[in-house]
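Here is what each chain is made of, one letter per residue.
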Amino acid sequence: MSSLGPDTTAAAGPPSVPPAAAQVRVTRARRSTLAAAAAVVLIVAVLAYLPYLVYSGTTNLLVNFFTLLIMASMWNLLAGYAGLVSVGQQAFVGLGAYGVLLLASHGTSPFLAIPVATAACAVLGLPVWWLVSRLRSGYFAITMWVIASVCELIISQIPSFGGGTGTGLPGLPGNPTLLTADTYWATLACAVLALGVVYLLLRSRIGLVLTAVRDDETGARSVGVRVASTQRLVFLVAAAGCGVAGALYIVSQQFVEPTAAFSVLWSAKMIFITVIGGIGTIEGPIIGTIIYFVLQQTLAQYGTWYFIALGLVAMAIAIWARRGIWGLIADRFGIRLFGVGYWLSPAGPPDRDRGSR
Amino acid sequence: MSWVNAIIQGILLGGLYALFACGLSLMFGVMKVVNLAHGDLAVVAAYIGLGVIAITHVPAVWAFVIVVPVFAVIGYVLQRTLLQAALDRGVLTTLLVTFGLSVVIENGLQQFFSANSHSINIGSLVSDSFSIGSQITIAYLDLVILVVAVVVLLGLQYFLSASASGRLIRAVADDPEAAQISGVSYRHVFGIAAAIAFGTVALAGLAFGMYSQFDPTIGTDQLLLFAFEAVVIGGLGSLWGTLAGGILLGVAQQIGAQIGAQYELLAGQLFFLAVLVLRPQGITSRKETA
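Residues numbered from 1 in each chain as written. Chains lettered and ligands numbered in written order. Predicted model: local features only at pLDDT ≥ 70, side-chain atom pairs only at ≥ 80, totals over all residues. Heavy atoms only, no water.

Before going further, it helps to examine the overall build of chain B. Counting secondary structure elements, chain B contains 11 helices and 2 strands. The helix and strand sequence of chain B, counted from the amino end, reads α-α-α-α-β-β-α-α-α-α-α-α-α. Computed over the C-alpha atoms, the radius of gyration of chain B is 19 Å, within 12% of the 19 Å expected from 2.2 N^0.38 for a compact globule of 290 residues. Looking at chain B as a whole, 55% of its 290 residues are labelled buried. About 11700 Å² of surface is accessible on chain B, with carbon and sulfur atoms providing 64% of the total. Across chain B, the centroid of the 9 positively charged side chains sits 16 Å from that of the 13 negatively charged ones. (Helix = DSSP H or I, 4+ residues; strand = E, 2+ residues; numbered from the N terminus. Rg over C-alpha atoms; globule rule 2.2 N^0.38 Å. Buried < 20%, exposed > 50% of the residue type's maximum accessible area, 1.4 Å probe, protein only. Areas by Shrake-Rupley, 256 points an atom, 1.4 Å probe, with all protein chains shown as cover. Lys, Arg positive; Asp, Glu negative; His and termini not counted. Charge placed at Lys NZ, Arg CZ, Asp CG, Glu CD.)

Time to look at the interface of chain A and chain B. Between chain A and chain B, the residue contacts involve 42 residues of the former and 43 residues of the latter. Of the roughly 3700 Å² buried between chain A and chain B on both sides combined, carbon and sulfur atoms contribute 82%. Among the residues of chain A in contact with chain B, Tyr139, Met315 and Ile319 of chain A are the three that bury the most area, contributing 20% of the side total. Between the two partners, chain A and chain B, sit 0 salt bridges. Our enumeration of links across chain A and chain B arrives at 4 residue pairs in polar contact (both at pLDDT 80 or more). (Contact = heavy atoms within 4.5 Å. Buried area = accessible area lost by both parts, 1.4 Å probe. Salt bridge = Lys/Arg side-chain N within 4 Å of Asp/Glu carboxyl O. Polar contact = N/O pair within 3.5 Å; in protein donor to acceptor, adjacent residues only side chain to side chain.)

Residue and element names in this part refer to chain A. Looking at the secondary structure, you find threonine 187 in helix α6 (residues 176-203). Here threonine 183 takes part through its backbone oxygen, which lies 2.6 Å from a polar atom of the side chain of threonine 187. With sequence-adjacent residues up to four places away left out, threonine 187 is seen in contact with Val63, Phe66, Thr67 and Leu248.

We now examine unusual backbone geometry. Residues and elements named next belong to chain B. At histidine 57, a position not held by glycine, the phi torsion is positive, near 60°. As for its placement among the helices and strands, histidine 57 is situated in the loop between α2 (38-56) and α3 (64-88). Judged by relative accessible area, which is 66%, histidine 57 ranks as exposed. Phi is positive for serine 114, close to 65°, though the residue is something other than glycine. Among the secondary structure elements, serine 114 is positioned in the loop between α4 (91-113) and β1 (129-132). Judged by its relative accessible area of 28%, serine 114 falls in the partly exposed class.

Our focus in this paragraph is the packing of helix α5 (residues 140-162) of chain B against helix α6 (residues 164-174) of chain B. All names here are of chain B. Contact pair α5 / α6: the axes reach a minimum separation of 5 Å and the direction vectors enclose 80°. The pairing of α5 with α6 is recorded here as roughly perpendicular in orientation. Residues Phe159, Leu160, Ser161 and Ala162 of α5 touch α6, and the partners they reach there are Ala164, Ser165, Gly166, Arg167, Ile169 and Arg170. Residue classes in the contact of α5 with α6 are distributed as 5 nonpolar, 3 polar and 2 charged. (Axes fitted to C-alpha atoms, helices over the stretch in contact; angles between N-to-C directions. Parallel < 35°, antiparallel > 145°, perpendicular 65-115°, else oblique. Nonpolar A, V, L, I, M, F, W, Y, C, P; charged D, E, K, R; others polar.)

Now for the pattern of salt bridges. Across all of its chains, the model carries 3 salt bridges over all chains by this definition. As a salt-bridge pair, glutamate 217 of chain A and arginine 221 of chain A come within 2.6 Å of each other at their nearest N and O atoms. Highlighted residues: glutamate 217 of chain A and arginine 221 of chain A, both in helix α8 (residues 217-222), separated by 4 residues, approximately one helical turn. Taking the relative accessible area as the measure of exposure, glutamate 217 of chain A reaches 21% and is therefore partly exposed. The residue arginine 187 of chain B makes a salt bridge to aspartate 88 of chain B at a minimum N-O spacing of 3.5 Å. Note that arginine 187 of chain B is positioned in helix α8 (residues 186-211) and aspartate 88 of chain B in helix α3, a separation of 99 residues in sequence. Given the relative accessible area of 30%, arginine 187 of chain B is considered partly exposed.

All names here are of chain B. Looking at chain direction, β1 and strand β2 (residues 136-139) are connected through 4 bridges and run antiparallel. Each bridged residue has a counterpart across the sheet, and for serine 129 the counterpart in β2 is alanine 139. If you look at the hairpin formed by β1 and β2, you'll find 3 residues sitting between the two strands, and glycine 133 has a positive phi there, around 70°. (Pairing = 2+ DSSP bridges.)

Residues and elements named next belong to chain B. On the surface, a cluster of nonpolar side chains totalling about 730 Å² of accessible area is made up of Val61, Trp62, Phe64, Val65, Ile66, Val70, Ile74, Leu125 and Tyr140. No other element matches α3, which puts 5 residues into the nonpolar patch. Looking at where valine 70 falls in the secondary structure, it is placed in helix α3. A relative accessible area of 37% places valine 70 in the partly exposed class. (Patch = residues over 30% accessible without salt bridge, like charges linked within 9 Å, V, L, I, M, F, W, Y side chains within 5 Å.)

Further remarks concern helix α2 (residues 56-81) of chain A. The terminal C-alpha atoms of α2 of chain A lie 36 Å apart, and with 26 residues this matches the ideal 38 Å at 1.5 Å per residue to within 8%. Among the 26 residues of α2 of chain A, 20 are classified as buried, and the element is accordingly described as predominantly covered. (Expected span 1.5 Å × (residues − 1).)

On to the state of the cysteines, then. Residue and element names in this part refer to chain A. Under the counting rule described, the total for this entry stands at 0 disulfides over all chains. Of the cysteine sulfurs around cysteine 190, a residue in no disulfide, the closest is that of cysteine 121, at 12 Å. Cysteine 190 gets classed as buried once you look at its relative accessible area, which sits at 16%. Just so you know, cysteine 242 is unpaired, no disulfide at all, and the nearest cysteine sulfur is the one on cysteine 121, 8.7 Å from it. For cysteine 242, a relative accessible area of 0% corresponds to the buried category. (Disulfide = S-S within 2.5 Å.)

In structure tokens, the structure reads:
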């Protein structure tokens, strides 16, 4: 059920009688998809108005939420769609954060520095990709980790970045109310943009290529799919995405130190959120981030037990419910909120939302 | 002379890295699993060693007599249950599950043993040494660890290439299904390979616990990466290569440390990346690439 493309024709209609091509209606949208689109617009509008309604504690929490959501979505794009499992995405989180620091210490407004640092992460992603692209699976994963470690070691040698002890971010507006609201709006904008990019990417030809590669890389190569350039594009988008998350992280914390910015915990959070929510779906990281946040808020007082529980749940889901919580929901109710696939249905009477996507 | 000393210390340190890398190399070679929990398992072995010494009052250096068999059993059981279940579902799941295991172990250790550093007390052995000339001092412990590493890696290489059980393991590594058809339970052989790998992990963890301080985070922060780098530098599928890779990594780190203490880790990582760029198949292997 997770595949797009030619084989989806077999899933429509009664299983024993595959409908002829002329009798099949192909649509991209469903009622659930259209309703979701309307809901997204409404939710973003409400979220954008939120700083006028709630205290800064709430918006700060949401800044945290959206930053994690961006990271998880990027990791999902990388692992769930391009099949590139990385445990070193914290390299780009850290580089994004320090990129903002570098620009801000030369007088740029930190908020203007966010897009520049993001673009810089995508550019830095190129040589990294050149280095890691020939590696497979576990080797790719750990080499990315080594690269994150190299970035951390180099940056902690630079005195103007505060060395290993870290430093504050200069150039932020003095008014705390304004700062909180601006940070929130910037984070919200980046999150909407990041999810929008992921959605459009997967809806485009790239999404089709990625799904073909994920399902059968050799088969995809043999019909002329350009695997390498597609994976590179996804890697660079994920590099930029993790970079923007790091940039937002330093702006919201107003402080950065190498061990925290390049911590493998970032990768752990991205992975747990995506796996629990549902890897290989756009909805998965969103559900996962919500679950993660609810658990964090309720279990935070139990300290490390919380992370142990999260790890155990993620392991169990990776083995027994590989499509995560969202996979269970989608299978049970037959809904897709983000229509990146195609629906096939007999041209006759309207049917239930039961088709393949 | 201080450079010669750096190289000698690097070779000694490399023995420890090679010992760490041995289990990772074996598990990758046989099961095609990159075990992301490898470093944490070594730290667990060091903590178990502490416990065994505290309870049984055996001399610290003999803790391995108990810890290594215990770890071999843990390895077999873990492979037959969790790791095999993950393996059946593909490479992605294996990575996710071993990464989850790593996080669970690290946080579990913090919960039970706090974040404080410990070390396995072996008394004066840790500082006893002999000198060559005026500049070079060799600690007995370092030398013993290097000798153990050489014996374990070469012994294992010999076991795999010459013994009947070793042939079985290599046959399963080449093609588990064909081996199964020939009447070999590949799951059982995987379990045996994991047991051997975990035994060497335990040995490495205990050696590390005697060699330096350890805490719950060191497994992911350093040990996993060092072990992985030693495997890749040496070239896949060769335990000889892993020994050479560990020693080269140790030498690179010590040369970095000679330039400036803050460059010790960076020199090792950059050497690894350089090997990856220039000789991705590793220094000993001829054709295969990662």
